[in-house]
Amino acid sequence: MLIIAILLIKSLFIMIKRIGILTSGGDAPGMNAAIRSIVLAASHFDIEVIGFYHGYNGLIDDNCKPLTLRDVSSIIQLGGTILKSARCPQMLQPQGLKQATTTLLKNKIDALIVIGGDGSFKGLLSLQDHWHGQVIGIPGTIDNDLDGTDYTIGFSTAINTALDAIDKIRDTADAFERVFLIELMGRHSGHITFNVGIACAAEQVISFENFSPDNAKETLEKLAADIHAAKKQHHHSYIIVVAENLWQGGITKLADDLTTISGIDCTACVLGYIQRGGSPDAKDRILATKMGVAAVQGLLDGKDGFMVCEQNNSISYLPLTLTIKHTKTVSESLVRAQDNILALTAKQNF
Ligand code: ATP
């Protein structure tokens, strides 16, 4: 009873007048939608929003500007981030954290919302040792690798962009009856690779979840045998999607190795940064908008040190310390379906 009374009294005293926001790490489509919804929600509660530029560099350099409703009136459809993003190595040093704290105090910031990935959340946690304002993270990364949330902002758009590109590559691959190896983003996790691989009906998906460098030779031999089997079955085209940072020497080396061992021309294609750009799709806009509102509401409810997340279609909050503990793994059923059933089509009779 006493605890409830104390919490009630404490919540009555949470007075937030100014929220700072920044976007950090790799940009992701939908970050602008999140900025917009934070400004709208804050305005609803008479809270001012200060946008800091270039990720945490904005805190180091005191580079910021108040964000008004007018500033965010037509940004929901824009890719990238109007606040810019950047890496900021100074945040790893005590001096940088002190500098960031000085800026937050100087600008009378009561709470800080950071939209980014796990690195950006580690930045927030480090900042908590120096600054006593409230902090909340919003998961914004195309990689979808943050533990505790079903989806991160930008993932849906990124996989649709990749899918669109691969559908086009499939046309030319069909016309020339070619083998294509396509490299997808995702740093060290295969969420993009597996989801795109399944959606574009790739003949093979090679990612961290089903590949080990120790078995590189076997993988190469299996791929070569499968390509030959596919050719015998008169497959028009053969697409292998590959996660970035996977094959030593990169995807061009993998295509060369496969050409040598199979005797069939294999072409490498790196999709690269187009996966990070473009107008956010409806799913990312809606997710970002829900999360932006929830971040402001969470702060007003006294949340400090949490990530806004979506689990089973419902918004909740998870301690940042928990989300940075593990990288979210790709669903095992997705990996099994691809490896045990879908990847075997070349060996089946058409
Ligand atoms: P993405 O996965 O999309 O690239 P991210 O947020 O993980 O996003 P990082 O480059 O890992 O991207 O981190 C972004 C920034 O967060 C760093 O440039 C740095 O300023 C800050 N940061 C990262 N790790 C730490 C840490 N351990 N302590 C303090 N700050 C950190």
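Residues numbered from 1 in each chain as written. Predicted model: local features only at pLDDT ≥ 70, side-chain atom pairs only at ≥ 80, totals over all residues. Heavy atoms only, no water.

(A) Molecular detail of the site of the ligand. With respect to spatial proximity, 18 residues lie near the ligand, and among them Arg87, Cys88, Gly119, Ser120 and Arg187 are the closest. Here Cys88 contributes a backbone N or O atom positioned 2.7 Å from an oxygen atom of the ligand. Note that an oxygen atom of the ligand is positioned 2.9 Å from one of the backbone N or O atoms of Gly119. Within the complex, 84% of the 630 Å² of free accessible area of the ligand lies under protein. With respect to the detected pockets, the ligand is housed in the largest pocket. (Near = heavy atom within 4 Å. Polar contact = N/O pair within 3.5 Å; in protein donor to acceptor, adjacent residues only side chain to side chain. Areas by Shrake-Rupley, 256 points an atom, 1.4 Å probe, with all protein chains shown as cover. 1 Å grid on protein atoms, 1.4 Å probe; cavity = no way out; pocket = protein on both sides within 12 Å on 5 of 7 lines; lining within 4 Å. Sits in = over half its atoms within 2 Å of the grid points.)

(B) Layout of the side chain of Gln134. Note on placement: Gln134 falls in strand S5 (residues 134-139). Residue Gln134 is classed as buried on the basis of its relative accessible area of 13%. A polar contact of 2.9 Å, which involves the side chain of Gln134, links it to the backbone oxygen of Leu299. At 2.9 Å, the side chain of Gln134 forms a polar contact with the backbone oxygen of Lys303. (Helix = DSSP H or I, 4+ residues; strand = E, 2+ residues; numbered from the N terminus. Buried < 20%, exposed > 50% of the residue type's maximum accessible area, 1.4 Å probe, protein only.)

(C) Geometry of the environment of Asp339. Examined against the element boundaries, Asp339 turns out to sit in helix H12 (residues 332-341). Its relative accessible area of 28% is what places Asp339 among the partly exposed residues. With 168 residues separating them along the chain, Asp339 and Asp171 place their C-alpha atoms 24 Å apart.

(D) View of a negative patch on the surface. A contiguous patch of negative charge, built from Asp167, Asp171, Asp174 and Glu177, is present on the exposed surface. Looking at Glu177, the relative accessible area reads 42%, which means it is partly exposed. (Patch = residues over 30% accessible without salt bridge, like charges linked within 9 Å, V, L, I, M, F, W, Y side chains within 5 Å. Salt bridge = Lys/Arg side-chain N within 4 Å of Asp/Glu carboxyl O. Lys, Arg positive; Asp, Glu negative; His and termini not counted. Charge placed at Lys NZ, Arg CZ, Asp CG, Glu CD.)

(E) Geometry of the state of the cysteines. Applying the stated criterion across every chain yields a total of 0 disulfides. Here Cys64 stays unpaired: no disulfide links it, and the sulfur of Cys88, its closest cysteine neighbor, is 15 Å away. (Disulfide = S-S within 2.5 Å.)

(F) Quick look at the sheet that holds strand S9 (residues 266-270). The strand order across the open sheet formed by 4 strands is S7-S8-S6-S9, and the pairing between neighbours is parallel. The sheet is open, and its two edges are formed by strand S7 (204-206) and S9, each paired on a single side. Taken over all neighbouring pairs, the strand axes of this sheet differ in orientation by 20° on average, direction set aside. The pairing of strand S6 (residues 179-184) with strand S8 (residues 238-243) spans 6 bridges and is classified as parallel. (Pairing = 2+ DSSP bridges. Axes fitted to C-alpha atoms, helices over the stretch in contact; angles between N-to-C directions.)

(G) Region of the structure containing the pairing of S8. The buried count for S8 comes to 6 of 6 residues, which makes it a mostly enclosed element. Across the two faces of S8 the burial is the same, with Tyr238, Ile240 and Val242 and Ile239, Val241 and Ala243 all buried. In this structure, S7 lies alongside S8, joined through 3 bridges in parallel fashion. By the bridge assignment for S8, Ile206 is matched with Val242.

(H) Here's a closer look at the pattern of salt bridges. Tallied over the full model, the rule gives 11 salt bridges. We note a salt bridge from Asp164 to Lys168, for which the minimum N-O separation is 3.1 Å. Of this pair, Asp164 and Lys168 both sit in helix H6 (residues 155-176), 4 residues apart, which is roughly one turn of that helix. Residue classification places Asp164 among the partly exposed residues on the basis of a relative accessible area of 43%. Glu203 serves as the salt-bridge partner of Arg170, at 3.1 Å between the closest nitrogen and oxygen.

(I) Seen up close, the layout of surface pockets. Roughly 610 Å³ of volume is contained in the largest pocket. Residue lining of the largest pocket: 31 residues in total, with Gly25, Gly26, Arg87, Gly119 and Arg187 positioned closest to the centre. Among the elements that take part in the lining of the largest pocket, helix H5 (residues 118-128) stands out by supplying 6 residues, more than any other. Within the lining of the largest pocket, the residues separate by chemical class into 10 nonpolar, 12 polar and 9 charged. (Points joined across faces, edges and corners; volume = space filled by probe spheres on them. Nonpolar A, V, L, I, M, F, W, Y, C, P; charged D, E, K, R; others polar.)

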